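Chains, contacts and geometry: an overview
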Amino acid sequence: MANLAIPTDRDPALVADVGFAPAFSVTLEYDEQAQMQTPRGGRIYHRIAGGSVSGRITGTVYPTGAGEYSLQRGDGVIDHRGYVLLRDEAGEWVYLHNMGYQRPDGYFRVTSWVDADVRSRHSWVLGLFFIGIGRPAGPKSVTIDYCEVL
Amino acid sequence: MSGNGLDRRELLLGLAAAGGFAAAAPAAMGQPQASGTNGAANGAAGLPPVREMAGVRYRWAFSVSVFFKERVAIEAPYRRAFVPAIGGDIWGPRLQGEVVPYGGADFGGGGGPLDAHYMFRASDGHLIYINNRGYMRRVGWDPSTALDRRLPPLAEGERITQDFIAPADSEVPLRMRTSPFFDAPADSPHDWMNHTLFIGHGLRRMDPDRTVFTYYEVL
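In short, a report on the structure. Note that the structure is predicted; figures quoted are calculated from it, not measured. (Residues numbered from 1 in each chain as written. Chains lettered and ligands numbered in written order. Predicted model: local features only at pLDDT ≥ 70, side-chain atom pairs only at ≥ 80, totals over all residues.)

**Points about the overall build of chain B**
Note the threshold: What counts as a helix is a DSSP run of H or I of at least four residues, what counts as a strand is a run of E of at least two, and both are numbered from the N terminus. Buried residues are those with 20 or more other C-beta atoms within 10 Å of their own C-beta, exposed residues have 12 or fewer, and partly exposed residues lie in between; C-beta atoms are placed from the backbone. A residue pair is marked as a contact if its C-beta atoms, positioned from the backbone, fall within 7 Å.
Looking only at helices and strands, chain B has 2 helices and 11 strands in total. Going from N to C terminus, chain B has its helices and strands arranged as α-α-β-β-β-β-β-β-β-β-β-β-β. Every one of the 219 residues in chain B was classed for burial, and the buried ones make up 39%. Sequence-distant contacts in chain B: of pairs separated by 6 or more residues, those separated by 24 or more amount to 55%.

Right, dumping it as structure tokens:
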């Protein structure tokens, strides 16, 4: 079927480049975990009990009320879903929503959507998303290194 | 600081033109390749080079042109747009095919986050669902101006106008990046897309109205 296509769109010069710039790193500490079998798969709850953020935002992870609610799929992959509140050293609030994949081979990649107050010195995050690379930081802790996508 | 970081596309495009994928892309046109069926293959023949920046390893996976016609802006309290995908083309080393005509739309946009849902049909016949989430952030945008939008008052009996335009990148420079999530059949060669994070780069083009997306798999 003749579908829509413009041959010059396939010009190799149009394979647009992207880049990455380090933004901040977040270490999350968990104090509780539960898993339940649901029609969607295994819902994995991690209570976020604290942590820290460093880089272009420095401060702490707010320890009460944040969590991860990831889904263990049938193929062994975890659909990661995390909701995190940060507080910088001046007391400003920043919201992170992480979504991505955790695979049995250790691949742990998320896209993070960030909200800050428009009056905040972190308003540069507004309208952007970030790429996060996660790694274990301890038995009940992970560190996610975030990059802005250029 | 934020102004400095807003748009490096010109620099990045320059880098791409200077080398990048020129050797790999032509081989990807048209026929599916055996290497595209093996999600675990790394550095296999026919794949573009793995690149690395700031600790992120990535590689060009495929590109998609998505063509548009209707654009509707719904001035809800949180703005919403409706822009159907009328068709398109998919090419590159790891996926070839077409965008299913009227298989879905961008239901977000309108100045807020993009949230598009539509369908690919791979050249082997498999359907693939894309949920493309992202942003189109105007270069130099001041976030504080995003609050308390005002609309001009309607005259007596005036009909509201909900058409809008999305200009070409050459007219209004944008940094458009997306983070698509795919659902592909588990028993298909595209299963790797079910567990791989991607980065998309969007370029607005006109005549005809379309966006060319360049997708990278985050390795």
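**As for the interface of chain B and chain A**
Filter applied, for reference: Each residue receives one of three labels: charged for Asp, Glu, Lys and Arg, nonpolar for Ala, Val, Leu, Ile, Met, Phe, Trp, Tyr, Cys and Pro, and polar for the others, Gly being one of them.
On the chain A side, the residues contacting the 48 residues of chain B number 39 residues. Elements with a contribution of two residues or more to the side of chain B that touches chain A: helix 1 (9-17), helix 2 (25-28), strand 2 (56-68), strand 4 (80-91), strand 8 (127-138), strand 9 (174-183), strand 10 (197-205) and strand 11 (210-218) of chain B. The residue makeup of the side of chain B that touches chain A, split by class, is 30 nonpolar, 13 polar and 5 charged.

**Focus on the pairing of strand 4 of chain B**
All names here are of chain B. For clarity, the cut-off: In this description, strands pair whenever DSSP reports at least two bridges between them.
Taking burial as the measure, the 12 residues of strand 4 include 10 buried ones, the bulk of the element. Of the pairings in the sheet, the one linking strand 2 to strand 4 comprises 6 bridges and is antiparallel in character. Note on strand 4: the bridge partner recorded for S65 is D89. Inspection of the sheet shows strand 3 (residues 72-74) paired to strand 4 by 3 bridges, in the antiparallel sense. Within strand 4, the position partnered with V72 by the bridge is F82. Counted along the chain from strand 4 to the antiparallel partner strand 5 (residues 97-99), the turn is 5 residues long, and its residue G92 has a positive phi close to 135 degrees.

**Quick notes on the nonpolar core**
Selection criterion: Only buried Ala, Val, Leu, Ile, Met, Phe, Trp, Tyr and Cys residues enter a nonpolar core, and they are joined through C-beta atoms within 7 Å.
With 76 residues, the main nonpolar core has I131(A) and Y216(B) as its most contacted residues. Counting residues per element, this core draws most heavily on strand 2 of chain B, at 9 residues. The contacts of I131(A), once residues within four sequence positions are left out, are F20(A), T111(A), Y146(A), C147(A), V149(A), V56(B), I199(B) and V218(B).

**With respect to unusual backbone geometry**
Of all residues except glycine, most have a negative phi; of all peptide bonds, most are trans. Residues and elements named next belong to chain B. Following D207, the chain continues to P208 via a peptide bond in cis, the omega torsion being -5 degrees. Mapped onto the fold, P208 is located in the loop between strand 10 and strand 11. The residue A54 is not glycine, and still its phi comes out positive at about 50 degrees. A positive phi is found at Y102, a non-glycine position, where the angle reads about 55 degrees. For Y102, the location among the structural elements is in the loop between strand 5 and strand 6 (105-106). With 13 C-beta atoms counted inside 10 Å, the residue Y102 sits in the partly exposed group.

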